[in-house]
Each structure stands twice: as structure tokens, then as C-alpha cells.
Amino acid sequence: MRLSSEETMKGKTMQANLQMKLLGAFAVVLLITSFVAAFGYKAQSEHSQTMSWIDHTNDVILEANQLLLSLINMETGFRGYLVTGDDTFLEPYEAGKVQADQSLKNLMALTADNPAQVERWQQIETAKNVWLEQWITPGLALRREVNANATTIEDVSTYLSSGGGKQFMDAIRTELAEARSIEENLLAERKTADAATASWVNNVMIGGSLFAVVVGVIIAFYIARSISKAAKTMVKAAQQIAETDLPALAGVMAAMANGDLTQSVSIGAQEITLKSGDEMGDLADAFNAIIARLRDTGQSYEKMTESLRKMVDVVVENANGLGAASAQLTTAVNQVNQNTDQISVTMQQLAAGAQQQSQSTQQTQASVDQVTRALDGVAHGAQEQAAAVARSVDFA
């Protein structure tokens, strides 16, 4: 049997319903996974940015250490030159001076986003310049005078023991230590924040993944359970129909074909209660339609057997009445035969008496013969009717 276009569209809709459930479950899991992945990507970006700032802070600290080392090289070269008067000791001084200027430029560029730090580097640069102008340059000039014998080495010793250089370097070291401390604090804060972010990201990634798995398992279990429950219910109904109801219906039909109208049938399959908008719900509706048809068939059989029993009773009753009428007709025929025999005897007697009569009685004899022939015809017809009635009774 071909399906109508409406039934075909309904089938497509049913298929879409179950498909939408499966796609919806997949979409939920995919949405959670996508959220976790997006969050992880964002967190990774933040982590990369934090690591970049950490590297930036390390660069600032390294550059600050390089500045301090350059100033120490300058001081060491300066002291060596003052003590020995050898220009060779001025090499680390000159190199340190160049490196110190470059380090200050680098530090100002690295911390350009932090005005407070830039101001500290400027203060350090000012303190360095003051140190150079008020301590280093006069000291170098004094040593050159000693080398030119314009003054004595005792003047250099007095200059060094005055402690002016230490005061300048202590002030520079204090400013530099404060600036470096700020960078180290920023580094510690950023490392702590990065560690917290990494821990939180790990928790979210693990928790989100577990949540996606749990949601997926729950949805899959729900769908599988609904399908399995519906399938078991319909399998039970199918077994009831195939193993009990159909054999019972076939049995009573066979009994009716053999003339037994005393059998009855009852359909035991129960209606399936399943509220679902997918294929399983429509399959349950189809099973309910089959069960309804079977019940209608059973009820129709009961009505048909009841009607047949009534018809048989009527036929039997009519047959009994026909038998009684046939018996009465047979009795009447027998009486007619007896009367015919008596008439025949009488006619024979009349015929014998007629032989003794005159020619006129011959005409009477002829009339009697005609009557006799008529009566014989009547008797013969009555016998044929009796035989026909007897055959009807035998047939009934």
C-alpha cells in the first residue's frame, strides 16, 4: 500500500523530531565545549600577555642591574686612576659611562607606560650627572695635576678620604634600589596573578570538560532510556498480538468455518500510553491503531456469530414446521388414495352392473369411465405431491 503525501510528510517530520533531539544533545555538548575552549583561549591570551609583562619586568630589572654595574665600573675605574694615575684604569670608567647612559635610555623606554618609574630614572640620571660634575670631574682634574707635578698625591688621598663620592653613590644606589624594588613587586604580583589565572583556567577547563561529559552522558542516557522504554513496551504489545491475540482469532475463525458457532474471542493487547512527539510516539500510535482494529475484528466476529446462531435457530424452526406440514399432507394423500380405491371399486361395480343394462347404459358407462380417468389423474397427482413433500423433508 502506497503512503499518501500527507503520511510521507508526517514521516519526514517524525524523522526530523528524533534527529532534532540527537542534534540538540550534540549541540548542548558542543556549546559547553566551545565555551570551555573559548574561555581557555581567552585565558591563554591573558596568560601570554601576563608572561609578556613578566618578561618586560625582568628586562627592566636586568637593565637596572646593568645600570648599577655600569656605575660601579665607573667608580672602580675612577678610584684606580686616582690611586695609580694610569690612564688604563679610565677604560672601565669610560665604558661604564657609555653603558650607564644607554641603560638609562633603555629604562625610560621600557617604563614609558609608568610615569612614576620614568621620573625615578630621570632622578637617577640627574644624580649621576651631579656625581660626575661635583665628584668625578674634579677628581680626574686633581689626578692630572698630580701627574703634571702641580700638586702631591696627598691631595688625592685627602680627596678620596673626604667621602664625597660615597655620598653620591649611596644616593644613586638608594634611588636605583627603590626603582628596582617597585619592578620586583610588580613582577611578584604578575607572577602571583598568572599563577592564580593558570590555576583557575585549569579548574575551569577540567570542570567544564567534566561538565560537558556529564551533560552528554545524561542526555544520551535520557534519549536511550526513552527509546528503550518505548521499544520494550511495543515489543511486549507485539508479542501479545502475535502469540496470543492473532492465534485466538484464527482459532475461532477456523471453528466457525467448521460449523462451531459457540466459540468466543477476547483481544488481550492493551493500548500503549506513550506521549512523545518523535518516531517512537508515532510508532506507538500505529500499534494502538492495530490493537483497535483487532478489537473491532473481535467484536465483529461476536456480532456475526450471534447473527448466525439466530439464523440457524430460525432455519431449524422453519424446517420443523415444514416437516409437520409434510406429514399432514402425506396423511391427506393417503386418504385421497383410499377414497380413490373406493371410487374405483364402486365404478367396477357400476361397470359390472352396466353389462346387464341396455344400450343406453353404455353412454353412462362412458361417462363413468371419464370420471374414473379424472379421479385416477387426481390420485396420481396427489402421489407426486406426497413424494415431493417427502423429498423436501429429507433435504431439510
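Just so you know, these numbers come straight off a predicted model, no measurement behind them.

The rules we used
Residues numbered from 1 in each chain as written. Predicted model: local features only at pLDDT ≥ 70, side-chain atom pairs only at ≥ 80, totals over all residues. Heavy atoms only, no water. Helix = DSSP H or I, 4+ residues; strand = E, 2+ residues; numbered from the N terminus. Buried < 20%, exposed > 50% of the residue type's maximum accessible area, 1.4 Å probe, protein only. Contact = heavy atoms within 4.5 Å. Areas by Shrake-Rupley, 256 points an atom, 1.4 Å probe, with all protein chains shown as cover. Expected span 1.5 Å × (residues − 1). Bend = angle between axes of the 7 residues up to and from the residue. Patch = residues over 30% accessible without salt bridge, like charges linked within 9 Å, V, L, I, M, F, W, Y side chains within 5 Å. Salt bridge = Lys/Arg side-chain N within 4 Å of Asp/Glu carboxyl O. Phe/Tyr/Trp six-rings, centres within 6.5 Å; stacked < 30°, edge-to-face > 60°. Lys, Arg positive; Asp, Glu negative; His and termini not counted. pLDDT = per-residue confidence, 0-100.

With respect to the overall build of the protein
For the protein, the count of helices and strands is 7 helices and 0 strands. Along its sequence from the N terminus, the protein presents helices and strands in the succession α-α-α-α-α-α-α. Counting only residues that meet the buried cut, the protein has 28% of its 396 residues in that class. Relative to all contacts within the protein whose residues are 6 or more apart in sequence, the contacts with residues 24 or more apart total 77%. Surface exposure of the protein reaches about 25,000 Å², of which carbon and sulfur atoms provide 59%.

A closer look at helix H3 (residues 115–147)
Over its 33 residues, H3 extends 46 Å from the first C-alpha to the last, a length consistent with the 48 Å expected when each residue adds 1.5 Å. At Leu 132, H3 is deflected by roughly 40 degrees, the largest bend along its length. Positive phi shows up at Asn 149, right after H3, with a value of about 60 degrees.

Focus: helix H5 (residues 164–257)
An α-helix turns once per 3.6 residues; consequently, residues spaced three or four apart project the same way. Its 94 residues give H5 an end-to-end C-alpha distance of 136 Å, which sits within 8% of 140 Å, the value for a rise of 1.5 Å per residue. Its maximal kink placed at Ile 241, H5 deviates by approximately 35 degrees. Looking at the residues trailing H5, positive phi occurs at Gly 259, about 95 degrees.

Digging into a nonpolar patch on the surface
On the surface, Met 205, Ile 206 and Leu 210 cluster together into a nonpolar patch covering about 280 Å² of accessible area. Secondary-structure assignment places Leu 210 in helix H5. Assessed through its relative accessible area of 52%, Leu 210 is described here as exposed.

Some remarks on the packing of aromatic side chains
Each aromatic ring pair is summarised here by two numbers: the centre-to-centre distance and the angle between the ring planes. In the structure shown here, the tally under the stated rule is 2 aromatic pairs. Considering the side-chain rings of Trp 135 and Tyr 159, the 4.2 Å spacing of their centres and the 10 degrees angle between planes classify their relative orientation as stacked. Here Trp 135 is found in helix H3, whereas its partner Tyr 159 is found in helix H4 (residues 153–161), with 24 residues between them in sequence. Ring pairing ties together the aromatic residues Phe 78, Trp 135 and Tyr 159, which thus form one cluster.

What to know about the side chain of Glu 63
On the secondary structure map, Glu 63 appears in helix H1 (residues 5–84). Within the buried set, Glu 63 has no salt-bridge partner at all; the shortest N-O distance to an opposite charge, 12 Å, is to Lys 105. Beyond its immediate sequence surroundings of up to four residues, Glu 63 is in contact with Gln 99, Ser 103, Asn 106, Leu 107 and Leu 110.

Details of the confidence of the model for the protein
Overall, the predicted model of the protein reaches an average pLDDT of 79, with 79% of residues at or above 70. Counting contacts from residues 7–15, a segment whose pLDDT is below 50, to residues more than four positions away or on other chains yields 6 contacts.

Here we look at the environment of Gln 66
Among the secondary structure elements, Gln 66 is positioned in helix H1. Considered as a pair, Gln 66 and Gln 102 are 36 residues apart in the sequence and their alpha carbons are 9.9 Å apart. In this structure Gln 66 touches Gln 99 and Ser 103, once residues within four positions along its chain are discounted.

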